[in-house]
Amino acid sequence: MKIAASAKAKSISSLGKPELTLQLDNAKLSSSPDEKRKEVLMLSLSNGVVYLLHHEDEEILQHWRQSFENNIEAIKTTSVTTGSSSKEIENLPVRPELSRMCSNSSIISEERTKVADRLLHWFKRRPSLEVLQRKGIIKDAVFGSSLTAICEREKTKIPRFVHACLAAVEKRGLDVDGIYRISGNMSLVQKLRHIVDQNEFYDLLCPSWDVHTITGALKLFFRELSEPVFTFALFDKFLDAYRITDHAQKISAYREVISRLPPFHAETMKRLFKHLTEVIRHGSANRMQSQALAIVFGPTLLWPESKSKDVTLAASMVYQGQVVEFMIIEFKSIFS
C-alpha cells in the first residue's frame, strides 16, 4: 500500500503529540523508481506499507533524507547493542521533522477518504435517467435515434423533421445550385440539430434558414440513424436486386424487398425518393442529376452492419450509389 505525503499539507506543532508514528526497524529509504519524479523519496516499512514523500525544494528533501537515515541507523544500532524489542523501539523518541511528515501523510489520507465519501454520496443522490426525462430535463433525441422510435413517439408516418426539411426545400430550394451536393455551414447545421433535439420551435420555411443548412442537417439526420433507412437486415437483398439484369425482374425484386421493410422505413423511403425526383425535375436550374444525388445519398441511406462483408468497402460504396440511382430513375415503377 502506498501513501503519498506532500510538504504543502497542513502541519501540526512540533511540540504537540504526533498523529502518526512509524516503526522504522528494518525500514528502507530510497529514491522514487520513476525517473521523472526525482523530488520524491520512497520509505518502505517492514509491514509492507510504502510512503512517498515529496517536496519541490531539493535542499529540504535532502534534509528529510538525512533525518530518516539517522533515525533508521540509530534504531539499528540500538537493536544490535541492547537487543531491544520492537515494542521498545516503537517508544524511541522521534525527531520533530519526522513527526510532522508522518502527520502530513495522515492528514492527506483522511482528506482523500472524505472527498471520496462526498463524491460517492453525490452520485447516489443523482436522479435516474427516467426521472430526468419525466421532468423534461433530458429529452428524447431525434438525431441518433431510430425511425421507428421517432415515429412512434411523434405518432407520425415519417419523422416531423424529415417532413419539415423536404417541405422547405420543395418550397424554396429546388432551383438552388448544387442542392444536396454543397455542404451547409457546419455550425448552423449543429445549431439546427440542437434545436430539434431539444424539441424547440423551428420554422424551416423562414428565409433565415439557409437551404444548404437544411439539406446538410437532413443528410446528417439520415447518417446518424441507429439503423439506416434501408435497414441492416435487407442490405444484401437490395444489392442482389440491383445485380439482376432483366429490367422487369429487377423492378419486381426491388418492390419485393421494399415490402419487407418496417412500415416507418418504407414510408420515409417513399417520401424521400419522391422528393429526389422533384430535385431532378429542376436539374436545369440546380444542376443535380440522378447520378450526383446517388453519390450523395447512397452511403447516407444504406450501409452494412459489419464491415466484414463479402464486398469490399469500395465496391460497397459503388453499389450503394447504384441502388439509390436506380430507385430515383424508376421511382414510379417501384413505388406505384
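Residues numbered from 1 in each chain as written. Predicted model: local features only at pLDDT ≥ 70, side-chain atom pairs only at ≥ 80, totals over all residues. Heavy atoms only, no water.

## Comments concerning the overall build of the protein chain
For the protein chain, the helix and strand inventory stands at 15 helices and four strands. Within the protein chain, buried positions represent 40% of all 336 residues. For the protein chain, restricting intrachain contacts to residue pairs at least 6 apart in sequence, the fraction spanning at least 24 positions comes to 70%. When the accessible area of the protein chain is evaluated, it comes to approximately 19400 Å², of which 52% is carbon and sulfur surface. (Helix = DSSP H or I, 4+ residues; strand = E, 2+ residues; numbered from the N terminus. Buried < 20%, exposed > 50% of the residue type's maximum accessible area, 1.4 Å probe, protein only. Contact = heavy atoms within 4.5 Å. Areas by Shrake-Rupley, 256 points an atom, 1.4 Å probe, with all protein chains shown as cover.)

## Description of unusual backbone geometry
Notably, Asn199 is not glycine yet its phi reads approximately 60°, a positive angle. Along the chain, Asn199 falls in the loop between α7 (186-197) and α8 (211-223). The exposure class assigned to Asn199 is exposed, which follows from its relative accessible area of 64%. Here Thr231, not a glycine, exhibits a phi torsion of approximately 65°, which is positive. Assessed through its relative accessible area of 5%, Thr231 is described here as buried.

## Digging into the environment of Ala168
Tracing the sequence through the fold places Ala168 in helix α6 (residues 160-172). Overall, the relative accessible area of 1% leaves Ala168 in the buried class. The spatial distance from the C-alpha of Ala168 to the C-alpha of Leu204 is 5.8 Å, given a sequence separation of 36 residues. Here Ala168 is in contact with Gly173, Leu204, Leu205 and Ile214, once residues within four sequence places are set aside.

## Quick look at the packing of aromatic side chains
Think of a pair of aromatic rings as described by two things: how far the centres are apart, and how the planes are tilted against each other in angle. For the structure shown, the criterion picks out 14 aromatic pairs. Consider the rings of Phe143 and Phe161, whose centres lie 5.4 Å apart with planes at 55°: the pair is tilted. Taken together, the residues span a long stretch of sequence, with Phe143 in the loop between α4 (129-134) and α5 (147-154) and Phe161 in helix α6 at a distance of 18 residues. Classification of Phe161 by relative accessible area gives buried; the value is 2%. Ring centres of Phe161 and Tyr202 lie 6.3 Å apart, and the angle between their planes is 70°; on these two criteria the pair is classed as edge-to-face. With a gap of 41 residues between them, Phe161 in helix α6 and Tyr202 in the loop between α7 and α8 connect regions that are remote in the sequence. The rings of Phe230, Phe238, Tyr254, Phe273, Phe326, Phe331 and Phe335 are connected pair by pair, giving a single aromatic cluster. Lying over the aromatic face of Phe326, Lys250 brings its terminal NZ or CZ to 4.8 Å of the ring centre. (Phe/Tyr/Trp six-rings, centres within 6.5 Å; stacked < 30°, edge-to-face > 60°. Lys NZ or Arg CZ within 6 Å of the ring centre and 35° of its normal.)

## Here we look at the confidence of the model for the protein chain
On average, residues of the protein chain score 81 in pLDDT, and 74% of them reach the 70 mark or higher. Every residue in residues 1-15 scores below 50 in pLDDT, and together they form 40 contacts with partners more than four places removed in sequence or on other chains. (pLDDT = per-residue confidence, 0-100.)

## Focus on the packing of α5 against helix α11 (residues 263-281)
Following both chains from N to C, one finds α5 and α11 inclined at 90°, their axes separated by 8 Å at the closest point. Between α5 and α11, the crossing angle belongs to the class labelled roughly perpendicular. Note on element contacts: α11 touches α5 through Phe264, His265 and Thr268, opposite Leu147, Thr148, Cys151 and Glu152. Its residues assigned to classes, the contact of α5 with α11 shows three nonpolar, three polar and one charged. (Axes fitted to C-alpha atoms, helices over the stretch in contact; angles between N-to-C directions. Parallel < 35°, antiparallel > 145°, perpendicular 65-115°, else oblique. Nonpolar A, V, L, I, M, F, W, Y, C, P; charged D, E, K, R; others polar.)

## Brief notes about the pairing of strand β3 (residues 40-44)
Burial analysis of β3 places four of its five residues in the buried class, the great majority of the element. Bridge count between strand β2 (residues 28-31) and β3: four bridges; the pairing is antiparallel. Looking across to β3, one finds that Ser30 is bridged to Met42. With five bridges connecting them, β3 and strand β4 (residues 50-54) associate as antiparallel partners. Counterpart to Leu43 in the pairing with β4 is Tyr51. (Pairing = 2+ DSSP bridges.)

## Here's the deal with the packing of α11 against helix α13 (residues 290-301)
Interhelical geometry of α11 versus α13 gives an angle of 155° and a closest axis separation of 10 Å. On the basis of their axis angle, the class for α11 and α13 is roughly antiparallel. Crossing geometry of α11 relative to α13 is assigned as right-handed. Taken together, the residues of α13 that come into contact with α11 (itself represented by Leu272, Phe273, Leu276, Val279 and Ile280) are Ser290, Leu293, Phe297 and Leu301. (Left-handed = near helix turned anticlockwise from the far one by under 90°.)

## Here's the deal with the pattern of salt bridges
Evaluation of the coordinates by the stated rule reveals seven salt bridges. For Glu170, the salt bridge is made with Arg271, and the minimal N-O distance between the two is 3.1 Å. Separated by 101 residues along the polypeptide, Glu170 in helix α6 and Arg271 in helix α11 bring together distant segments of the chain. Glu170 sits in the partly exposed class, given a relative accessible area of 29%. With its nearest N and O atoms 3.8 Å apart, the salt bridge here joins Asp197 to Arg193. (Salt bridge = Lys/Arg side-chain N within 4 Å of Asp/Glu carboxyl O.)

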